[in-house]
Amino acid sequence: MARIVVAGAGAIGASVAYHLASLGAREVVLADRGRVAGGATSKAMGGVRQQFSTAAEVRLAQASIRFFEELGEPLFHQVGYLFLATTEAGLAELEERRALQADLGVAVERLDAGSVDGLRTDDVLGAVFCATDGVADPPAVTRELVRRALKLGVEVREGTAAEALEADVLVIACGPWSAELGAKRGVDLPVRPLCRQLLETSVLPQLPESLPMVLEAESGFHFRSRGDRLLLAMVDPEPRWSFEEEVDETLFDDRLERLRHRYAPAAEAAIERGWAGLYDMTPDAHPILGEIANGVYAACGFSGHGFMQSPAVGRALAEEILGLSPSLDLGPYRLQRFASEAGFAETLIL
Amino acid sequence: MLRGALAAAVTPLREDGAALDEEAFGPYLEFLATAGLDGILALGTTGEGILLSAAERRRAAELFLAGPLPAIAHCGAQTTAETAALAEHAAGAGAAGVAVISPPYYALDDESLLAHLATAARACTPTPFYVYEFQARSGYAVPLPVLERLRGLAPNLAGLKVSDKPFEAVEPYLLEGLDVFVGAEDLVLAGLERGSAGAVSGLASVFPERVVALVRDRAGHVSELRRALDRYPFQAAAKFVLGRRGVPVREDVRLPLRRLNDEEKRELDAWLESL
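On a predicted model such as this, the values are computed, not experimentally measured, just so you know.

The rules behind the values
- Each chain carries its own residue numbering, running from 1 in the written order of its sequence.
- Chains and ligands are labelled sequentially in the order written, the chains with letters from A and the ligands with numbers from 1.
- It should be noted that, the model being predicted, local features are given only for residues of pLDDT at least 70 and side-chain atom pairs only at 80 or more, the latter also being counted only at that level, while totals for whole chains, interfaces and linings use all residues.
- The side-chain numbers reported here are obtained from all heavy atoms of the structure, hydrogens and water having been left aside.
- For the purposes of this entry, the term helix denotes a DSSP run of H or I that reaches at least four residues, the term strand denotes a run of E that reaches at least two, and both are numbered from the N terminus.
- It is over C-alpha atoms that the radius of gyration is taken, and the globule rule equals 2.2 Å times the number of residues to the power 0.38.
- The cut-offs for exposure are 20% and 50% of the maximum accessible area for each residue type, with area from a 1.4 Å probe on protein chains only; residues under the lower value are buried, those over the upper are exposed, and the others partly exposed.
- Throughout, a contact is declared for two residues whenever any of their heavy atoms are within 4.5 Å.
- In this description, accessible areas are obtained by the Shrake-Rupley approach with a 1.4 Å probe, and a residue is regarded as covered only by the protein chains that are shown.
- Charged residues are defined narrowly, with Lys and Arg counted positive, Asp and Glu counted negative, and His plus the chain ends left uncounted.
- To locate a charge, the coordinates of NZ of Lys, CZ of Arg, CG of Asp or CD of Glu are taken.
- Strand pairing requires that DSSP identify at least two bridges connecting the strands.
- The angle between two axes is taken between their N-to-C directions and runs from 0 to 180 degrees, where each axis is a line fitted to C-alpha atoms and a helix contributes only its stretch in contact.
- By this rule, a helix spans an expected 1.5 Å times one less than how many residues it contains.
- Definition used in this section: a nonpolar core is a set of buried Ala, Val, Leu, Ile, Met, Phe, Trp, Tyr and Cys residues joined via side-chain atoms within 4.5 Å.
- These domain boundaries are the output of an automatic or database domain assignment.
- As a working definition, buried area equals the accessible area (1.4 Å probe) given up by two parts on being put together, with both sides summed.
- Any two of the Phe, Tyr and Trp rings considered here, Trp counted by its six-membered ring, make a pair once their centres fall within 6.5 Å; the pair's planes then place it as stacked at under 30 degrees, edge-to-face at over 60, or tilted in between.
- Of all possible arcs, the one meant is that of the directions from the helix axis to the C-beta atoms.
- Whenever Lys or Arg places a side-chain nitrogen within 4 Å of a carboxyl oxygen from Asp or Glu, that contact is recorded as a salt bridge.
- Polar contacts here mean pairs of N or O atoms no more than 3.5 Å apart (in protein, one a potential hydrogen donor and the other a potential acceptor; neighbouring residues in sequence count only if both atoms are side-chain atoms).

1. Considering the overall build of chain A
And step 1. Of the regular secondary structure elements, chain A holds seven helices and 17 strands.
And step 2. A globule of 350 residues ought to have a C-alpha radius of gyration of about 20 Å, and chain A, at 20 Å, matches this closely.
And step 3. Along the three orthogonal principal directions, the C-alpha set of chain A runs to about 60 × 40 × 35 Å.
And step 4. Out of the 350 residues in chain A, the part that is buried amounts to 58%.
And step 5. The contacts in chain A between residues at least 6 apart in sequence include a share of 76% that link residues at least 24 apart.
And step 6. When the accessible surface of chain A is totalled, it reaches about 13,900 Å², and 49% of it is carbon and sulfur.
And step 7. For chain A, the distance from the average site of its 33 positive side-chain charges to the average site of its 51 negative ones is 5 Å.

So, in structure tokens, the structure goes:
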């Protein structure tokens, strides 16, 4: 049987390796130049949502949610995602997406945002809520997948460059570093790094455990609770296309002001810490999945929503590699799409 | 992600234990790596971490991390501030993990202990964090509800090193989704059968090959070796035997620990001959 080497032991690589082994692959190596969950996975927000703007992406998310539900507490907290609109245009967009999502069977409903304690709603024109969305801790989930993979016989090699290992099949799951490995195999992967940052507040004693992920549709500002603190994120005013992981502290005051405006229990909050990590962006913000050269597969370019899709992607790609009938259609995610003009850009990048 | 056989390494000292023996770290770590260990825990109970100054602990952590094996740095100290500062330093220096024991002397209640551990874990995030549970040394056990709450506060909580005895005391800590390393060599096999991640063994600091065989092949008898060394002050005995095995680690330990006396050395020599 073929020896399969998965390059990159983040959320995606761990899921591919685990699913390969669970589907019967005997010789699977999960290799990382650094450590398990050491790269972007360790920096991520950990939101898990089905509310996307394209059908393909919604389906990936739906299949993944089922896996997260099986993982359950304490790895997955199904607190829901609440999108708020403060303009007519924003509301119209939410409604349009809600219709698409409802057609695909995602239970997204209109909600009176006032029902969430502490949320300021006098400027909110409307809100939609999906109760089956939630939040998870990406490194914890990834370590759990690696634990399960180890039990199934996967060999885990940390501090090891995948290209140094003999492989019949190579899976590139290196996030923003995927293009580098692709080039070594003669394939141009249009994946480039975008530096993003997360902020964490001081301890807020009154946070309810059930606080959903709250998102402002127009600005993209969003926050969630983690333990007794809030995590905040928002798109930078100018995108930072770089491998440099730098925290821009000049944005702290603005983010804190947005939080205090929106959420009364954060009135006394301070920003205690910020960190930066890398999105692996593709031109249309969709991942690249499938065979890109003889014996070389890609699972990269997730553009900031890889963790939440990692269960379904890992399974579907593993099925494809093993020649099984795929549980999901990966057709929309082939590398070849960039050769033509026809695209289907994901517009909801948070 | 650490698994398997880890040595609770000794810390090479010189000048009657007053200074780090920097030149001995390299050969000692080579000796451990050659035996096939998967990693080390530095500056724990065997490693006299709690007896070293904060500056020495930082330096020693760097020396251990320069070696060929991935290392968990034990950063537990008496105060939260010192623990967090050491944890942050170890993470920055490239530790594969940070371990922290409950601070000894004051029996902390749940609230204080949780805050201490959460602050330490946060200081080293995203480096994996391990709770070092050793009731006989800290004076009190880490209550399970504290661990459960810590999981919610510290996403980098990766597992525990549990050095308690007997197995009934270890068992409650074998929680799903956490990597548990068993400290007591007698209990390593029972732990592995119940899904533990491996062993962090003081004996492996002297006889790494025996503990590697125990974990990897589930073979060999290590209890007698451990018992033989436990008749003496362990850190001194470990360093003495290392010297006898040709590893350039001196006998020096940090006061108030003491070296072996001549009679004890003669006994150990005779025992080593009999092996």
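2. Notes on the sheet that holds strand β1 (residues 3-7) of chain A
Residues and elements named next belong to chain A.
And step 1. Taken together, six strands build an open sheet; the order of strands is β9-β2-β1-β10-β17-β16 and the sheet is mixed. Both outer strands of the open sheet, β9 (155-158) and β16 (288-293), are each paired with one neighbouring strand and no more. Shown here is a sheet whose adjacent strand axes are inclined to one another by a mean of 20°, direction ignored.
And step 2. Strand direction decides the pairing type here: strand β10 (residues 169-172) and strand β17 (residues 296-300), joined by three bridges, are parallel.

3. Section: helix α3 (residues 80-92) of chain B
Residue and element names in this part refer to chain B.
And step 1. Helix length check: α3, at 13 residues, gives a terminal C-alpha distance of 18 Å against a target of 18 Å (1.5 Å per residue), a fit within 8%.
And step 2. Residues of α3 that are buried: T83, A84, L86, A87, H89, A90 and A91.
And step 3. If you follow the buried residues of α3, they end up packed against α2 (54-65), β5 (71-74), β6 (97-101) and α4 (110-124).
And step 4. G94 sits one or two positions beyond α3 and adopts a positive phi of about 100°.

4. Description of the pairing of strand β9 (residues 179-182) of chain B
Residue and element names in this part refer to chain B.
And step 1. With burial as the criterion, each face of β9 is covered, one bearing D179 and F181 and the other bearing V180 and V182.
And step 2. One ladder, built from two bridges, connects β9 with strand β10 (residues 198-201); its direction is parallel. Each bridged residue has a counterpart across the sheet, and for F181 the counterpart in β10 is G198.

5. What about the pairing of strand β13 (residues 222-226) of chain A?
Residue and element names in this part refer to chain A.
And step 1. With five of five residues buried, β13 lies mostly within the body of the structure.
And step 2. The alternating pattern of β13 places H222, R224 and R226 and F223 and S225 on opposite faces, both of which are buried.
And step 3. Relative to β13, strand β12 (residues 213-216) runs antiparallel, the two being bridged by two bridges. If you follow V214 over to β13, its bridge partner there is F223.
And step 4. Following β12, the chain reverses through five residues before pairing antiparallel with β13; G220 in that reversal takes a positive phi of roughly 80°.
And step 5. The pairing of β13 with strand β14 (residues 229-233) spans five bridges and is antiparallel. Among the inter-strand pairings, H222 is bridged to a residue of β14, identified as A233.
And step 6. As consecutive antiparallel partners, β13 and β14 are separated by two residues, and within that stretch G227 has a phi angle of approximately 60°, a positive value.

6. Details of the nonpolar core
And step 1. Core analysis: the biggest nonpolar cluster contains 91 residues, and L32(B), I40(B), F129(B) and L229(B) have the highest contact counts within it.
And step 2. Core analysis: the second largest hydrophobic core is formed by 74 residues, V36(A), L94(A), A233(A) and M308(A) among them.

7. Notes on the domain arrangement of chain A
All names here are of chain A.
And step 1. Parsing chain A into structural domains produces domain 1 (1-78 + 136-191 + 283-350) and domain 2 (81-131 + 192-281).
And step 2. Each of domain 1 and domain 2 has a C-alpha centre, and these two points are 25 Å apart.
And step 3. Contact residues are listed per partner, giving 36 residues for domain 1 and 36 residues for domain 2.
And step 4. Buried surface at the junction of domain 1 and domain 2, summed over both partners, amounts to about 2,800 Å²; 61% is from carbon and sulfur atoms.

8. Examining the environment of F181(B)
All names here are of chain B.
And step 1. The residue F181 is located in strand β9 in this model.
And step 2. F181 gets classed as buried once you look at its relative accessible area, which sits at 1%.
And step 3. In sequence terms F181 and Y132 are 49 residues apart; their C-alpha atoms lie 9.4 Å from each other.
And step 4. Excluding residues that lie within four positions of it along the chain, F181 makes contacts with L2, R3, G4, L6, Y130, L160, K161, V162, A197, G198, A199 and V200.

9. Regarding the packing of aromatic side chains
Residue and element names in this part refer to chain A.
And step 1. One pass over the structure, following the stated rule, counts 13 aromatic pairs over all chains.
And step 2. Ring geometry for F221 against F223: centres 6.0 Å apart, planes inclined by 45°, an arrangement best described as tilted. Each of the two residues, F221 as well as F223, counts as buried.
And step 3. A ring pair is formed by F223 and Y263, whose centres lie 5.6 Å apart and whose planes are at 40°; its orientation type is tilted. With F223 in strand β13 and Y263 in the loop between α6 (252-262) and β15 (271-281), this pair connects stretches of sequence that are 40 residues apart.

10. Considering helix α1 (residues 22-34) of chain B
All names here are of chain B.
And step 1. Regarding α1, the residues found buried are A24, F25, Y28, L29, F31 and L32. What you see down the axis of α1 is that its buried residues fit within an arc of 155°, all on one side. Exposed positions of α1 whose direction lies more than 90 degrees from the buried face are E23 and T34.
And step 2. Contacts made by the buried residues of α1 are with β1 (4-8), β3 (19-20), β4 (39-42), α2, α9 (208-217) and α11 (234-244).
And step 3. Phi turns positive one or two residues past the end of α1, at G36, with a value near 95°.

11. Re the interface of chain A and chain B
And step 1. Listed as interface residues are 20 residues of chain A and, on the opposing side, 21 residues of chain B.
And step 2. For the pair chain A and chain B, the summed buried area comes to about 1,700 Å², and 50% of that belongs to carbon and sulfur atoms.
And step 3. Interface area lost by chain A to chain B is led by R35(A), R143(A) and R147(A), which between them contribute 36%.
And step 4. The interface formed by chain A and chain B contains three salt bridges.

12. Describing the side chain of D133(A)
All names here are of chain A.
And step 1. Note on placement: D133 falls in the loop between β7 (126-130) and β8 (134-136).
And step 2. Of the buried charged residues, D133 lacks a salt bridge, with R49 as the closest side chain of opposite charge at 7.0 Å.
And step 3. At 3.1 Å, the side chain of D133 and the side chain of Q51 are in polar contact.
And step 4. Here D133 is in contact with V48, R49, Q50, Q51, I65, F76, Q78, V79, G80 and Y81, once residues within four sequence places are set aside.

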